[in-house]
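Each chain is listed here by its residues.
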Amino acid sequence: MLETTIAAIGPLDQTATAAARDLQSRLTKPAGSLGALEDLSIRLAGLAGTCPPPLPEPAAVAIFAGDHGVHAQGVTPWPQEVTAQMIGNFLAGGAVVNAFARQAGASVTVVDVGVATPLPPAVADGPDAPQPVASNAPRLVEARIRPGTRDLTVTAALTRDEARAAVETGIRVADELIAAGAGILLTGDMGIGNTTPSAALVAAFTGADPAEVTGRGTGVDDETYQRKVDVVRRALRRHRPDPADPLGVLAAVGGLEHAALAGLILAAAARRVPVLLDGVIAVSAALAAAAFAPDAVGAMVAGHRSTEPGATVALRHLGLDPLIDLGLRLGEGTGALLALPVVTGAARVLHEVATFDAAGVAEK
């Protein structure tokens, strides 16, 4: 599945990008006046292979949840049980991502790809549990590969087979969402301690120093921050991951949610559907996707600039500029959801704005 997905990923369609660029030049506005939205609309056309590109709707958020053995190193004060508890909150519709998804009209799919602790009873009971009444109520996909990763300072976080299984879980989820009609996928994540493996992934793929890419996550104090930097440094020194071997990097220092997100991105690229990236967890996974298939970057849209420093380093490496910068660092898919109207607007311009000739407006 992984190999066939990678083989299906190709570059942007140059005929469609040229047509979109030409159309932008003839719309009733000064050339370049929509700034980054013009470049985005051209990329969307190239991805779809047609101009104008399909409107990126409906939107589907996929939240991949997993825990991390490195939690034992004291990289966060939050208990690991919060991951499972937040899944319950997502499914009950009470998290920030749910509020933003309702505003955007996006569906929410939560995927347990590696949670370490039992899910709350109302969640674990499955169909017998009370269900929200909304027709687009959040849904749970149970795809747990193992109960969290191993401690990456002691051994590889995952085996190669486990990492592959997680990537292919992401591919399957993306394929299902697109088959159900999704016109754009949004990345979401949940996992206490997951900014530590994110920093390790960014450092491994970009060559940046751990101190440059490690942030404070949920807002840790100075002592915990220094511990995080040391943990990332020790993990990289122990495993010496090869960026030319993305599956090996994910296995050595990644998380199950990172690997699944990489799969989601790859599948979106293969199906020529845009994927709107959230914060540092997503962009660290995007580095892995780009290492698997460089042309996958054509499907990626950077939703926002996380305050986690690794996010900026990763985006620079990918050559992506974020659409918004609001000082966010929550995760869940929240920043991507806030950026969604920008993406939709970029495509809508090519559909609905009149040309100078059609409107009878004189050009300069």
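Above: the structure in question.
Right, let's walk through the structure included here. (Residues numbered from 1 in each chain as written. Predicted model: local features only at pLDDT ≥ 70, side-chain atom pairs only at ≥ 80, totals over all residues. Heavy atoms only, no water.)

Let us now look at the overall build of the protein chain. Regarding its fold elements, the protein chain presents 16 helices and six strands. Here the protein chain has a C-alpha radius of gyration of 20 Å; the compact-globule value for 364 residues is 21 Å, and the two agree. Overall, the C-alpha framework of the protein chain stretches about 70 × 50 × 40 Å when taken along its three principal axes. For the protein chain, contacts bridging at least 24 residues in sequence account for 80% of all contacts bridging at least 6. For the protein chain, the accessible area works out to roughly 14,200 Å², and carbon and sulfur atoms hold 53% of it. (Helix = DSSP H or I, 4+ residues; strand = E, 2+ residues; numbered from the N terminus. Rg over C-alpha atoms; globule rule 2.2 N^0.38 Å. Contact = heavy atoms within 4.5 Å. Areas by Shrake-Rupley, 256 points an atom, 1.4 Å probe, with all protein chains shown as cover.)

Here we come to the sheet that holds strand 4 (residues 184-190). Spatially, the six strands line up as an open sheet ordered 3-2-1-4-5-6, and their pairing is parallel. Here the strands that pair on one side only, and so sit at the sheet edges, are strand 3 (139-142) and strand 6 (300-302). For this sheet, the mean inter-axis angle between neighbouring strands, taken without regard to orientation, is 30°. Examined bridge by bridge, strand 1 (residues 59-66) and strand 4 share seven bridges and lie parallel to one another. Across the sheet, Val61 pairs through a bridge with Leu186, a residue of strand 4. (Pairing = 2+ DSSP bridges. Axes fitted to C-alpha atoms, helices over the stretch in contact; angles between N-to-C directions.)

What the rule picks out here adds up to zero aromatic pairs. It is Arg216 that lies over the ring of Tyr225; its NZ or CZ is 4.9 Å from the centre. (Phe/Tyr/Trp six-rings, centres within 6.5 Å; stacked < 30°, edge-to-face > 60°. Lys NZ or Arg CZ within 6 Å of the ring centre and 35° of its normal.)

Here we come to the nonpolar core. The biggest cluster of nonpolar side chains holds 81 residues, and the ones touching the most others in it are Phe64, Leu185, Leu266, Val275, Leu277 and Met300. For this core, the leading source of residues is helix 12 (residues 256-270), giving 12 residues. Excluding residues that lie within four positions of it along the chain, Leu266 makes contacts with Leu2, Thr5, Ile9, Val167, Ala289, Phe292, Ala293 and Ala296. Counting residues in hydrophobic clusters, the runner-up holds 34 residues, among them Ala59, Phe90, Leu91 and Met190. (Core = buried A, V, L, I, M, F, W, Y, C linked by side-chain atoms within 4.5 Å. Buried < 20%, exposed > 50% of the residue type's maximum accessible area, 1.4 Å probe, protein only.)

Residues three or four positions apart in an α-helix share a direction because the helix packs 3.6 residues into each turn. With 20 residues, helix 7 (residues 160-179) should reach 28 Å at 1.5 Å per residue; the first-to-last C-alpha distance of 28 Å fits that figure. Positive phi appears at Gly181, one or two residues downstream of helix 7, with a value of about 115°. (Expected span 1.5 Å × (residues − 1).)

With respect to the secondary-structure elements, Asn194 resides in the loop between strand 4 and helix 8 (195-206). When near neighbours in sequence (up to four residues on either side) are disregarded, Asn194 contacts His68, Asp189, Glu257, His258 and Ile281.

Purely geometric numbers; function is a separate question.
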